[in-house]
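Structural characterization, general
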Amino acid sequence: MAKKLMKGSEAIGEAAVQAGCRLFFGYPITPQNEIPEYLSHRLPQVGGTFVQAESEVAASNMLYGAAGSGERVFTSSSSPGISLMQEAISYIAGSELPCVIVNIMRAGPGLGGILPSQSDYFQATKGGGHGDYRLLVLAPWSVQEAADLVQDAFDLADYYRNPVMILGDGLIGQMMEPVEFKERKPIKDLPPKTWAATGCKGDRPTNIINSLFLDPQVLEDHNRKLKAKYEAMERDERRWVEYGTDGDYDVLVVAYGTVARVCSTAVEDLAAQGVRAALFRPVSLYPFPYDALRKAAEKARAILVVELSTGQMVEDVRLAVQGSRPVRFYGRQGGMLASPEEVAEQIRALAESPAQEVSHG
Amino acid sequence: MAETVVFSRPQALAPVNTHYCPGCTHGVIHRLVAEALDELNLKERTVGIAPVGCSVLAYNYFSTDFHEASHGRAPAVATGIKRARPDLIVFSYQGDGDLASIGMGEIVHCANRGEKVTVIFVNNAIYGMTGGQMAPTTMPGQVATTCPLGRDVNLAGWPIRIAELLSTLKTPAFIARGSVHTPLHAVRTKEYIRRAFTLQKEGTCFTLVEVLSTCPTNWGIPPREATDWLEKNMLPYYPLGIFKEPGGEDRAPRPLSAGGR
C-alpha cells in the first residue's frame with residue numbers, strides 16, 4: 001500500500017483493521033473521537049462490528065466479553081474514560097484475555113482539559129485498576145509508529161493473553177503525517193485460542209472466562225503464573241531507541257512519545273553549538289528498558305527527563321540509574337507543550353553544571 | 001422389563017451440588033434454564049454470563065461455556081460476546097442488586113440496542129450474598145440489614161419493577177415475569193424462558209424473563225413460609241405475565257381523566 005497522509009487517530013483505526021481486528025466498542029471523548037468515527041464506517045466495509053456503548057464502563061466490559069470469545073478486539077478512549085475502564089481492565093488481565101486499549105492522553109486530574117498530556121504514565125504502567133497485574137504499554141512518537149505499534153499490539157496481546165495499551169498523547173491523535181501499511185507477518189508464534197468461550201461441544205471441558213478464585217492457594221498460584229508472564233515480558237519485550245549515543249555526550253535526555261521529538265530537535269540544534277547531548281526514547285513503558293538506559297547513562301554526566309506531567313516516568317529513570325547520575329526533570333502540564341528552545345535551555349544548563357540534581361515541576 | 005427414565009438431570013446442568021441455601025429457589029431456576037437449553041438443543045453453542053451475587057458461581061453449575069462478569073456488567077459482557085460471535089446463544093443470569101442497582105445502565109442500554117441475548121433476572125427482593133441488605137426491589141416495610149425498621153419508601157423510594165420499566169422501551173422482543181414459588185408457577189416460568197431462548201435462536205432481539213425467587217436465609221423465615229410470603233407480599237406488587245412480545249403494540253397514554261370531563 002502506498003504512503004497516505006492520515007490523521008493519527010485514523011491511522012490507529014486503520015492499523016487495527018489491518019491487524020485483523022473486526023470489533024470496536026467505545027464511547028465518545030475528546031481528543032480521540034476520530035478513532036471511533038473512522039471505524040464506524042470502516043469496520044462495516046470489512047464485515048466488522050462497531051458499537052457505540054452507553055459509557056466507557058460498558059464499552060470496556062463489551063471488550064471483556066468479546067475478548068473472551070477469542071476474537072481480536074479493541075477500544076480507544078482518553079484519560080477520564082480510561083479511568084472508568086480500569087475495573088474491566090483488571091478483570092481482563094485477571095482472566096488473561098488479549099485485547100488492545102488505546103489511551104490518547106489529555107491533561108488531568110479530574111475533567112482536566114482536552115489538550116495533550118502524558119499524565120497517565122503511572123496509571124498505565126503501575127497497575128491502574130485493582131490487584132496485581134500489568135499491561136504491556138507501548139508509546140509511539142509518530143503516526144507511522146502508532147500504526148506499526150497498534151499492529152504489533154494485537155500480536156503481543158494474543159501471545160501473552162494480556163491487554164496491551166497504546167499510550168499516545170493528543171498530538172499523536174490529531175497530527176497528520178504520511179503513513180504506510182505494509183504486508184506483515186505476526187511478530188510472534190500465535191497458538192490457537194483453545195481457551196475461548198465459544199460453546200462447549202462434545203467432550204471438551206467447559207471453558208470458563210474468570211478471575212474469581214476463592215481458594216487462597218489457587219489464587220496465589222494464579223498470581224504467580226501472571227508474575228511469570230510479566231517476567232517473560234520484561235525479558236523479551238523491552239523496546240527503546242537511542243539517538244546520538246554512539247558518540248560522546250555530557251547530557252542524556254530521556255523522553256517518550258511526541259515529547260521525544262521535541263527533545264530530538266533540541267539535541268540537534270545544540271550539537272551545532274557544541275553542546276554534547278544524546279536522546280534515549282523508551283518505546284515500551286512497561287516493560288521499562290532499565291538496563292539499556294543504565295548503560296546509555298554511563299557516558300553521560302547528567303540526565304534530563306522531559307515529560308508533559310509533573311514527573312512520572314522520571315521515577316523509572318531514577319530506578320534505572322540508581323543514583324549513579326544526577327537526574328533533572330523538566331515538565332509542562334495542563335496541555336502546555338515544551339518547545340525545543342525550552343528543552344535546549346535545560347540541556348545547556350545541565351551540561352554546564354551537571355552536579356546538582358534539580359527538579360523543575 | 002425395560003426401564004423408562006421419567007426424570008433426570010438436564011444435560012446443560014453440571015453434575016455437581018450447588019452452594020445455595022436450603023429453600024433458595026436459584027436451583028429451581030437454574031434447572032428451568034438448563035431444561036430449556038436441552039429441549040432447544042442449544043447447550044453446545046451457549047455461553048452464559050455469571051453475575052456478582054449469590055449466583056456468582058453459576059459457571060460451576062451449568063455444563064455450558066461461561067463468562068464471569070464484574071458487578072452489574074453482565075449485559076455489556078453479553079453484548080461483547082454476541083457481537084463477536086452472533087452464532088452463539090448468549091444469556092446472562094443476574095440478581096436484583098446486580099441488574100437493578102449497580103447494573104441499571106447496562107441492562108437498559110443492552111435492551112434498548114436490542115442485543116440478541118437472553119437475560120434471566122432473579123428478583124428475591126434482597127441482597128443475598130452480602131448478607132441481607134436492602135435491594136432496589138425490597139418491598140415497602142420489608143426488614144433488611146440496611147433498613148432495620150423496614151424499607152421506608154419516603155427515603156428509599158418504591159421497589160423498581162424491572163419488567164414494566166424495560167417494557168416501556170420500543171426495541172426489546174420479549175419481556176415476561178414469572179415465579180417459582182409453586183410447581184405450577186415454575187412450569188409457567190419455564191415456558192417464558194423457553195420462549196425467550198426460542199426467540200434468540202430465531203435471531204429476534206433482546207429477551208428478558210424476570211423470576212420472583214425466595215431467600216429464606218435473609219428474609220429470616222423458613223422455606224415454607226418464604227413461599228407464602230412471596231405470594232402474599234410480592235405477587236400483588238410484581239404481577240406475573242408477558243409484558244412485551246414481538247409485534248406487540250406500544251403502550252398508549254391514558255387521557256387526563258377517564259370520564260373526559
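Notes on the overall build of chain B
In terms of regular secondary structure, chain B is built from nine helices and seven strands. Here chain B has a C-alpha radius of gyration of 18 Å; the compact-globule value for 261 residues is 18 Å, and the two agree. Across its three principal directions, the C-alpha atoms of chain B cover 70 × 40 × 40 Å. Expressed as a percentage of the 261 residues in chain B, the buried residues total 52%.

With respect to the sheet that holds strand 7 (residues 241–244) of chain B
The eight strands lie next to each other as 9(A)-2(B)-1(B)-3(B)-4(B)-6(B)-5(B)-7(B), forming an open sheet whose pairing is mixed. Strands at the two margins of the open sheet, each flanked by one partner only, are strand 9 (208–209) of chain A together with strand 7 of chain B. With four bridges connecting them, strand 1 (residues 46–50) of chain B and strand 3 (residues 89–95) of chain B associate as parallel partners. Its bridge partner lying in strand 3 of chain B, Val47(B) is registered against Val90(B). Helix-sheet contacts for helix 2 (residues 74–84) of chain B involve strand 1, strand 2 (65–68), strand 3 and strand 4 (118–123) of chain B, and the interaxial angle to strand 3 of chain B is about 175 degrees. Relative to strand 5 (residues 174–179) of chain B, helix 7 (residues 183–201) of chain B is tilted by about 160 degrees, and along the sheet it contacts strand 3, strand 4, strand 5 and strand 6 (207–212) of chain B.

Considering the pairing of strand 6 of chain B
Residue and element names in this part refer to chain B. With six of its six residues buried, strand 6 lies for the most part within the structure. In this sheet, strand 6 lies alongside strand 4 in parallel orientation, the contact comprising six bridges. Across the sheet, residue Ile120 finds its bridge partner in strand 6, namely Val209. Bridging between strand 5 and strand 6 involves six bridges; their strand directions are parallel. For Ser179, the partnering residue across the bridge sits in strand 6 and is Leu212. At this point the chain moves from strand 5, through helix 7, to the parallel strand 6, and the crossover so formed is right-handed.

Section: the sheet that holds strand 2 (residues 23–26) of chain A
Either a parallel or an antiparallel arrangement is found when strands of a sheet pair, and the pairing is made through backbone hydrogen bonds. Residues and elements named next belong to chain A. Ordered in space as 3-2-4-5-7-6-13, the seven strands form an open sheet in which the pairing is mixed. The outermost strands of the open sheet, each flanked by one partner alone, are strand 3 (49–52) and strand 13 (284–286). Put simply, the sheet's adjacent strands are angled 20 degrees from each other on average, direction ignored. Pairing between strand 5 (residues 99–105) and strand 7 (residues 163–169): seven bridges, direction parallel.

Description of helix 9 (residues 216–236) of chain A
Its 21 residues give helix 9 of chain A an end-to-end C-alpha distance of 30 Å, which sits within 8% of 30 Å, the value for a rise of 1.5 Å per residue. Little of helix 9 of chain A sits out of view: just two of its 21 residues are buried.

Digging into the interface of chain B and chain A
Chain B puts 28 residues into the contact, and the matching count from chain A is 32 residues. Looking at the side of chain B that touches chain A, the elements that each hand over two or more residues are strand 1, strand 2, helix 2 and helix 4 (104–113) of chain B. With eight residues, helix 2 of chain B is the largest single contributor of residues to the side of chain B that touches chain A. Split by residue class, the side of chain B that touches chain A holds eleven nonpolar, nine polar and eight charged. Of the strand pairs in this sheet, strand 9 of chain A and strand 2 of chain B are connected by two bridges, and their pairing is parallel. By the bridge assignment, Ile209(A) is partnered in strand 2 of chain B with His67(B).

Focus on the environment of Gly247(A)
All names here are of chain A. Inspection of the secondary structure assignment puts Gly247 in the loop between strand 10 (240–243) and strand 11 (251–254). Classification of Gly247 as exposed rests on a count of 9 C-beta atoms within 10 Å. Here the alpha-carbon distance between Gly247 and Lys299, two residues 52 residues apart in the chain, equals 9.2 Å.

Things to note about the domain arrangement of chain A
All names here are of chain A. Looking at chain A, the domain boundaries give domain 1 (4–190 + 224–236) and domain 2 (240–360). Computed from C-alpha coordinates alone, the two centres of domain 1 and domain 2 are separated by 27 Å. Listed by partner, the interface residues are 25 residues for domain 1 and 21 residues for domain 2. Elements with a contribution of two residues or more to the side of domain 1 that touches domain 2: helix 6 (121–125), strand 6 (136–138), strand 7, helix 8 (170–174) and helix 9. A total of four residues in the side of domain 1 that touches domain 2 trace back to one element, the largest contributor, which is helix 6. When grouped by side-chain class, the residues that make up the side of domain 1 that touches domain 2 number 16 nonpolar, six polar and three charged.

What to know about the pairing of strand 11 of chain A
Both faces of the sheet carry side chains from a regular strand, because those side chains alternate between them. Residues and elements named next belong to chain A. Burial of strand 11 is two-sided: the residues Val251 and Val253 facing one way and the residues Leu252 and Val254 facing the other way are all buried. Judged from the four bridges that link them, strand 11 and strand 14 (residues 302–307) form a sheet pairing that is parallel. Following the sheet pairing, Val254 is matched in strand 14 by Val305.

Things to note about the nonpolar core
Residues and elements named next belong to chain A. Val100 and Val253 are the most contacted members of the largest nonpolar core, which has 196 residues in total. Looking at this core, the element that brings in the most residues is helix 7 (residues 143–160), giving eleven residues. Two domains each provide a minimum of three residues to this core, namely domain 1 (4–190 + 224–236) and domain 2 (240–360). Excluding residues that lie within four positions of it along the chain, Val253 makes contacts with Cys263, Val267, Ala277, Leu279, Leu304, Val306 and Ile347.

Remarks on the environment of Arg328(A)
All names here are of chain A. Here Arg328 lies in strand 15 (residues 327–331). The exposure class of Arg328 is buried, given the 23 C-beta atoms found within 10 Å. Taking the C-alpha atoms as reference points, Arg328 and Ile347, separated by 19 residues in sequence, lie 9.5 Å from one another.

Observations regarding the packing of helix 1 (residues 8–18) of chain A against helix 2 (residues 34–45) of chain A
Residue and element names in this part refer to chain A. As a packed pair, helix 1 and helix 2 sit with axes 8 Å apart at the nearest point and diverge in direction by 45 degrees. With respect to helix 2, the axis of helix 1 lies oblique. As for the relative orientation of helix 1 and helix 2, their crossing is right-handed in sense. Each of Ser9, Glu10, Ile12, Gly13, Glu14 and Val17 in helix 1 lies in contact with helix 2, whose residues at this interface are Glu34, Ile35, Tyr38, Leu39 and Arg42. Grouping the amino acids of the contact of helix 1 with helix 2 by side-chain chemistry returns five nonpolar, two polar and four charged.

Focus on the packing of helix 11 (residues 290–297) of chain A against helix 12 (residues 313–321) of chain A
All names here are of chain A. Relative orientation of the contacting elements helix 11 and helix 12 amounts to 70 degrees, with a least axis distance of 8 Å. Considering their axes alone, helix 11 and helix 12 lie roughly perpendicular with respect to each other. Between helix 11 and helix 12 the crossing geometry is right-handed. Where helix 11 abuts helix 12, its residues Tyr290, Leu293, Arg294 and Ala297 lie against Val317, Leu319, Ala320 and Val321. Taken together, the residues of the contact of helix 11 with helix 12 break down into seven nonpolar, no polar and one charged.

Definitions and limits used
- Residues numbered from 1 in each chain as written.
- Chains lettered and ligands numbered in written order.
- Predicted model: local features only at pLDDT ≥ 70, side-chain atom pairs only at ≥ 80, totals over all residues.
- Helix = DSSP H or I, 4+ residues; strand = E, 2+ residues; numbered from the N terminus.
- Rg over C-alpha atoms; globule rule 2.2 N^0.38 Å.
- Buried ≥ 20, exposed ≤ 12 C-beta atoms within 10 Å, placed from the backbone.
- Pairing = 2+ DSSP bridges.
- Contact = placed C-beta atoms within 7 Å.
- Axes fitted to C-alpha atoms, helices over the stretch in contact; angles between N-to-C directions.
- Right-handed = clockwise from strand over helix to strand, strands pointing away.
- Expected span 1.5 Å × (residues − 1).
- Nonpolar A, V, L, I, M, F, W, Y, C, P; charged D, E, K, R; others polar.
- Domains from an automatic or database assignment.
- Core = buried A, V, L, I, M, F, W, Y, C linked by C-beta atoms within 7 Å.
- Parallel < 35°, antiparallel > 145°, perpendicular 65-115°, else oblique.
- Left-handed = near helix turned anticlockwise from the far one by under 90°.

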